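# Coordinate analysis (summary)
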Amino acid sequence: MPLPNLGRIHIVGSGAIGSLIAVGAQHNNIAYSLSPRRADQLTQRLITYSGQSILLNQNLPEPEKLAETDLLIMPVKAHQLAQAAAQWQPRIQDNTPVLLVHNGMGGLESVREVLKKQPIYLATTSHGAMKINQHEVKHTGFGRTMVGEAPDNRNGSGEQSEMVMKVLSRCLQPVTWQEDIERALWTKLAINAVINPLTAIYDITNGKLDSLQFRGQIGDICDEVAQVAQACKIDLTSDFLKENVQLIIANTANNYSSMHQDISAKRTSENDAINGFIVKQAEKKGIDVPVNTFLHNKIKSLEKNYS
Ligand code: PAF
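Residues numbered from 1 in each chain as written. Predicted model: local features only at pLDDT ≥ 70, side-chain atom pairs only at ≥ 80, totals over all residues. Heavy atoms only, no water.

## Description of unusual backbone geometry
Here is the rule: What counts as a helix is a DSSP run of H or I of at least four residues, what counts as a strand is a run of E of at least two, and both are numbered from the N terminus.
Between Gln173 and Pro174 the backbone carries a cis peptide bond, its omega angle lying at -10 degrees. You can see Pro174 is positioned in the loop between helix H4 (158-171) and strand E11 (175-177). Positive phi values are uncommon outside glycine, yet Asp203 reaches one of about 55 degrees. With respect to the helices and strands, the residue Asp203 is situated in the loop between helix H5 (181-202) and helix H6 (212-231). The phi dihedral of Lys266 falls on the positive side, at around 55 degrees, and the residue is not glycine. Within the secondary structure layout, Lys266 lies in the loop between helix H8 (258-264) and helix H9 (275-285).

Shown next, in the form of structure tokens:
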């Protein structure tokens, strides 16, 4: 059944998570458009978690203008957000809701520089998905999604929040609404700070991190993230982070993390928004984070080696 008060959803980029959202929309009869950054990158097929093949054959043409009943979804990397926001800014209304879904931190700040008035929502998901070629995406790990209003939300109304929640519940389920989305984002940050660099450096799937060899490093990364989070007034303990990290390692065991995929494909990874963000915040607070610093530098050096 179509959702009341919803026009269309517009998904920026045609990456793994954006494509998952598009399939969810198609399955639920929600009108959507998926706008790849390059026309030859458009996802046309998704292999579901259970192995079913679904053609994305209801993709609408890219809109000229978005209405306030539309929803702009930006599942692109943190470092691509500023440019994507600038590109869409002339096409949206002051009260068109915008939903950000990305790993790491700092995305809201860069989008806010451009979209000064729009109501912004933030989501984080632990679903694993990967682009297996230019036109196909595979859903590799079943996760869950959390969404809430950005702390600086300007024009958001209860009705709009409900609409965003309903869309995501259909497109990236299961979804929970978070009054304190920042805590959820920091939890996901810890998950990414562990899984992403370690899988990229050791060239392994997420599941391989469930071995004694990595226990110590995982513990150290979580201790450092918890310390920095607490200094930023986010109420998180290291034990809680470790528990969550182990859960996602188990749930996405066969997945190659997004950073592993980026490094293998010689693309810029989300390193600066993940371990780099922790290092920066730690510096500001005068906290020593040697393991995150090492991982941030190691991934930077891998990126430098691209020929
Ligand atoms: O970045 C990723 O790959 C994902 O956020 C996650 C949850 C770690 C699964 O691989």
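## Re the sheet that holds strand E4 (residues 53-55)
Operational definition: When DSSP finds two or more bridges between a pair of strands, those strands are recorded as paired. Where helices are involved, their axes are fitted lines through C-alpha atoms of the stretch in contact, as for all axes, and angles between N-to-C directions lie from 0 to 180°. Two residues form a contact once any of their heavy atoms are found within 4.5 Å.
Ordered in space as E4-E3-E9-E8, the 4 strands form an open sheet in which the pairing is mixed. The sheet is open, and its two borders are formed by E4 and strand E8 (128-133), each paired with just one other strand. The sheet shows a mean angle of 25 degrees between the axes of neighbouring strands, taken without regard to direction. As paired elements, strand E3 (residues 45-47) and E4 share 3 bridges and run antiparallel to each other. When the bridges of E4 are listed, Ile47 appears paired with Ser53. Those strands touched by helix H1 (residues 16-27) are E3, E4, E8 and strand E9 (136-141), and its axis lies near 100 degrees from that of E8.

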